[in-house]
Amino acid sequence: MDADGAVDLVFATCDNGGSSTAACGIHVVYNQQKPLCKLGQKSDCRPATDLCSADADFQLDVGAITGSTGHVFIPLADLLPGETLVTTDPNFRGALPLRLQLGDFNYDGFPDLMVTTRTAATGIATIRLLQSVPCSALFCTPAARAAHRRSLAVTTSGVDALALPSQPDAQAGVPPSFWSALLAGSTADNELLPTGLFFDLDDDGTLDVVALTSGSAGGSNPHARTTQLLFNNFFSDAFFAKTLMLNGVCLNWCSTGQPDSPRTAPYGVNYPGASLKYTIVDNAGTKHAVQVAQLPQSNYMARLTPYNLFGLGRTNNYIEELAVGSTYNQVC
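The structure displayed is predicted, hence computed values, not measured ones. (Residues numbered from 1 in each chain as written. Predicted model: local features only at pLDDT ≥ 70, side-chain atom pairs only at ≥ 80, totals over all residues. Heavy atoms only, no water.)

K.L.:
How should I be thinking about the side chain of Gln 32 in this particular structure?
P.N.:
Note that Gln 32 resides in the loop between strand E2 (24–29) and strand E3 (71–75). If sequence neighbours within four positions are ignored, Gln 32 has contacts with Asp 57, Phe 58, Gln 59, Asp 61, Thr 69, Gly 70 and Arg 149. (Helix = DSSP H or I, 4+ residues; strand = E, 2+ residues; numbered from the N terminus. Contact = heavy atoms within 4.5 Å.)

Take a look at the structure:
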């Protein structure tokens, strides 16, 4: 989350089970490990040529919040007064927990969040885009700010489509009453629940949004699903990288044994356990190490992409070092 070369923990909590009056918040628990070696530093650090060396003394301050440099708690009431996180989709055949969607939509090199919230006064549910920003005194301790931790801010410009899906062409065969209810949001009598996920829809290197709305107007069909594709038109004056891990079937193009049969690609699945680290120098001349995981979560229908798409920020430099690691199929 803070581009220091270690994979951190991000999760949400609510003190009342995600009800309309629950006090919710987002936790960022930083994985405290050896930093990247600076010029002249020889000990208690990782050299750029050995990015994947293990740190047996890593630390995660999961329990500590007050005075901690490695645990930042962001109350939703301070970000979005009067709103609470939606943690479960009730319009599903069984309980479906909703996860926090992470993705770098603006290419600044720091993951942003997309969540679904509900206004307590009206019951309206909407998708919110939370942008990663440097820590401020509102959420972070002085020690966390000195450690250059990150916080979140609500994105309010250019996100109208997330809150008010546009009505499609009449030829789609969807009754106008459905879209009128959808534009009105989700209320007690109309359990429409919008959720979003990041995906590069047109393969142009930007993270777009797939908006999924569950439920139906009046609650007549709680298992109905409506999908909208929202393209990312934010102007980002920054670079990005897109990586794809081999699937473990073959090291090169797979042989089919048939001369006329097309060869099987050695990629194309969301391979668990794959991660990569790279180093890059920012415009201030500071070298950073960043770690990215291809499949950080697989349960609760996480709906993650089969590739890594991440921003490099505004830089005039190349990726200097790149290390890729994955699980190995061993027979004991």
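K.L.:
Explain the sheet that holds strand E12 (residues 208–214) here, please?
P.N.:
Strand pairing in a sheet relies on backbone hydrogen bonds. The paired strands run either parallel or antiparallel. Across the sheet, which stays open at both edges, the three strands sit in the order E11-E12-E13 with antiparallel pairing between neighbours. Only two strands of the sheet have a single neighbouring strand rather than two, namely strand E11 (193–199) and strand E13 (225–230). Geometrically, the sheet is characterised by an average inter-axis angle of 20° between neighbouring strands, direction not taken into account. Taken together, the six bridges between E12 and E13 define a ladder with antiparallel strand orientation. What sits directly across from Val 209, in E13, is Leu 230. (Pairing = 2+ DSSP bridges. Axes fitted to C-alpha atoms, helices over the stretch in contact; angles between N-to-C directions.)

K.L.:
Please explain the nonpolar core as it appears in this structure.
P.N.:
Across soluble globular proteins, you tend to see nonpolar side chains buried next to one another. Ranked by internal contacts, the top residues of the largest apolar core, which has 20 residues, are Ile 26, Val 72, Leu 79, Leu 113, Leu 130 and Leu 152. Secondary-structure elements contributing two or more residues to this core are E2, E3, helix H1 (76–79) and strand E8 (112–119). Among the elements that take part in this core, E2 stands out by supplying three residues, more than any other. Discounting chain neighbours no more than four positions away, the residues touching Leu 152 are Ile 26, Ile 74, Leu 79, Leu 113, Leu 130, Gln 131, Ser 132, Val 133 and Phe 139. The next biggest cluster of nonpolar side chains, apart from the first, holds 13 residues, and it includes Met 114, Ile 127, Phe 198 and Leu 230. (Core = buried A, V, L, I, M, F, W, Y, C linked by side-chain atoms within 4.5 Å. Buried < 20%, exposed > 50% of the residue type's maximum accessible area, 1.4 Å probe, protein only.)

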